[in-house]
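Okay, here's what each chain looks like letter by letter:
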Amino acid sequence: MIKLTVLVKNKLGLHARAAAKLVRLASSFTSNIYLSRVGANQQIDSKSILGILMLAVAQGTPLIVSIDGRDEIEAGKALQKLFEQNFGEEN
Amino acid sequence: MSSAKVEMIFQGNGVSPGLVVGQALKLGSHNRAILKIQLAHENLVEEEVLRFEEAVRVSREQLLLLKAQLEEKVGREHAFILDVHLLMLEDRSLHAEIVENIRRYRANAEWAVCQATDRILRAYESLEDEYFRERRSDIESAVDRILINLSGGKGVGWKSVSGDLIIVSHRFDPSAFAAFDVEKVKGLALESGGRTSHTAIIARAMGLPAVMGIPDFLPHVSSGDTLLLNGDDGQLIVNPSPARIESLRARIDQFRAAAEPAAASTMASLATTDGTLICLQANTEFPHEVAAVKRSGAEGIGLFRSEFIFIGHPHGYPSMEEQAEIYRKLVEAMTPHSVAIRTLDTGADKSLPDDDAVISSNSNMGLRGIRASLLHQADFCTQIEAILRASSSGKVEIVLPMVTTIQEIREAKTLIERVLIDTGMGQTSYALGAMIEIPAAVLSLETLAREVDFLCVGTNDLVQYLLAVDRGNPQVAHLFQPLHPAVLRCLAYITDVCKRAQKRVRVCGEISANPFYAVLLLGMGFTNLSMNPLAVPVIRKVISDMALADARAIAEKALTLITAQEIADYLVESVTPRISLDLTPFVKEIRDPNGHGFPQRSS
């Protein structure tokens, strides 16, 4: 089980297109991957787009990613990269 | 046996008359019933889960295909939203909840899907951020696809419901009538809509009592509640007391009896008291209305609005053979009378799914009618071939909608001739007519009339275009005045030109179903009126009480009056004493065509 903190830098926050990329990437790993807001108990399945959009994450929000499973190391690296690179978007 | 429920009274606008008692059938956001059906056997549960999974699989394939098409058309950047829909319909938490609903409640998949989706939509509704809150529309769109695939393209599984039903919904699209079981649905109660919406027009055509514009009543009604619906005064009573129903029993039974087949004293030809023959025909949308048309005493179908067989079709476009079969049955049933088939006229609030590609802010002025047909020539030719094939079974007329220029008629004729040659039906004779509904067509009628065999005046659209009033817009709906002096002058001009050109002319619009308006049209010189079949018996009676000379005098005088209100008052005053029927129920309709009243000046 690993935990990492990421920052949503996109102008529109974790909007539909970014959320779709996140779900696709998360679903490519067998590990369970959860998202939560800092200080909140509620954990969101990062393989569920309905869950991620309902989290309504705005720009500048830090999130905690909890990953548990056989490929957790690889998943962590890939997810960190996705957030750092703004989901491949300009802004 | 059941505990007494609280009686609740709601007030809306009565847009289609009649009094009925029935069970509420509540439809979801897309005209879909959220009916819970208990599965008969435990062993059907896993079958139901498989049926759901299959619907998701089919939905997924459709979306992938759509996505590929969209990427080709508008580029990958814009097609991503379908990717979001794909992820939504495969969403594993949603999927798990739906399967859990099916198993735990032993319920049908449709209900399980709606139940889970409603919960999620409510959660989204509470989000503060507008962008995320609005993702509800994406969720609805994705789920809607699953529902469509579950029920095979049909809105409601009508087979599974029984009894007299009253549809309860926020809105009800005209296209939804296509998948409608007329034997079961007895009324319509809606939060939105008004008298002149297409839905109201169809409700009246089907003799279906309807109340629209009932504010915020949906949260108080569940499927299965007993409702008392009064389409005359616009009242809807939820859980009416048995005493109340009993007190109205006589009127309810009376309405039910009126909806039954009328006595067939109607077969003789119709004439005014001074001997002028008048031909009343029926406007129809659905093939199954033929029985009602025949009962009404109408002499044929003056306008068959063919778009409804397209809208109701599971694959969008029925094949030539399917269409020919529908037209042939219509024509055979109406023999020896004729059937006028208007070619596809989508637009306004009756768009086909394909039309989603281009969203125009005012589709009334956009690509519809003959304009669309000349662009999609293959579809037009398919329909023409089907109509011509049906013409071997009886009398058929082809009517072109939304004609603006002579060139359009000429191009259509060239296509029709080509179909005749290509299919080896060169000897087939047909009558060609044009809808006169655009002011430009009225003003160029002298030349247009030479190109066709007959003319159909589409008064609903003509009034709308002439007065530049969108009848669906409540802010201007009061300006939709079929008795505006300009409308009367236009109609008088049309009969005048047609008489000189020796062309047949028919009025196909809602207005001819009103006795006062019918007399006015008669006086102007129209001798062929087409209307909803339920109105035919009344108008028949009115005309048989009327002398043409009197009608002419009334029309002449009406044409000199300067406001719609004056004209309405004059018609009520001059027509009423001449007719042996009680015309009171029709007064409101011409005095106040939209239920808004004529605008009053404050000074």
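Residues numbered from 1 in each chain as written. Chains lettered and ligands numbered in written order. Predicted model: local features only at pLDDT ≥ 70, side-chain atom pairs only at ≥ 80, totals over all residues.

Trainee: What exactly am I supposed to notice about unusual backbone geometry here?
Mentor: The phi torsion of most residues other than glycine is negative, and most of the peptide bonds are trans. Residue and element names in this part refer to chain B. In this structure, the amide linkage connecting Thr335 to the following residue, Pro336, adopts the cis form with an omega of 10°. Tracing the backbone through its elements, the reader meets Pro336 in the loop between α11 (320–334) and β12 (338–342). In this model, Arg106 sits at a positive phi of 50°, which is unusual for a non-glycine residue. Inspection of the secondary structure puts Arg106 in the loop between α3 (92–105) and α4 (109–125). The backbone of Asp216 shows a phi angle near 45°, a positive value even though the residue is not glycine. Within the secondary structure, Asp216 is located in the loop between β6 (210–212) and β7 (226–230). Since 9 C-beta atoms lie within 10 Å of it, Asp216 is described here as exposed. (Helix = DSSP H or I, 4+ residues; strand = E, 2+ residues; numbered from the N terminus. Buried ≥ 20, exposed ≤ 12 C-beta atoms within 10 Å, placed from the backbone.)

Trainee: Quick question: what am I supposed to make of helix α14 (residues 406–422) of chain B here?
Mentor: Helical periodicity: at 3.6 residues per turn, an α-helix aligns residues three or four positions apart in one direction. Residue and element names in this part refer to chain B. For α14, built from 17 residues, the straight-helix expectation of 24 Å at 1.5 Å per residue is met to within 8% by its first-to-last C-alpha distance of 24 Å. Three or more residues of α14 are buried, namely Glu408, Ile409, Ala412, Ile416 and Val419. Here the buried residues of α14 occupy an arc of 95° about the axis, which is enough to place them on one side. Exposed side of α14, more than 90 degrees from the buried face: Gln407, Arg410, Thr414, Glu417, Ile421 and Asp422 are the residues found there. In this structure, the buried residues of α14 make contact with α12 (370–375), α13 (377–390), β13 (395–400), β14 (431–436) and α16 (445–451). Phi for Gly424, located one or two positions after α14, is positive at around 65°. (Expected span 1.5 Å × (residues − 1). Arc of directions from axis to C-beta. Contact = placed C-beta atoms within 7 Å.)

Trainee: Would you explain the nonpolar core in this entry?
Mentor: With 95 residues, the main nonpolar core has Ile436, Val457, Ile494, Val519, Leu520 and Ile539 of chain B as its most contacted residues. Counting residues per element, this core draws most heavily on helix α19 (residues 515–524) of chain B, at eight residues. For Val457 of chain B, the contacting residues outside a window of four places in its chain are Ile436, Leu462, Leu491, Ile494, Val505, Val507, Cys508 and Gly509 of chain B. Val23 and Ile33 of chain A together with Leu63 and Ile102 of chain B belong to the second largest nonpolar core, which has 52 residues in total. (Core = buried A, V, L, I, M, F, W, Y, C linked by C-beta atoms within 7 Å.)

Trainee: What exactly am I supposed to notice about α3 of chain B here?
Mentor: Residues and elements named next belong to chain B. Over its 14 residues, α3 extends 20 Å from the first C-alpha to the last, a length consistent with the 20 Å expected when each residue adds 1.5 Å. Of all the residues in α3, the buried ones are Leu94, Ile98, Asn101 and Ile102. One side of α3 holds all its buried residues, which, seen down the axis, span an arc of 95°. α3 presents Ala96 and Arg104 as exposed residues on the side facing more than 90 degrees away from its buried surface. Positioned one or two residues after α3, Arg106 has a phi angle of 50°, which is positive.

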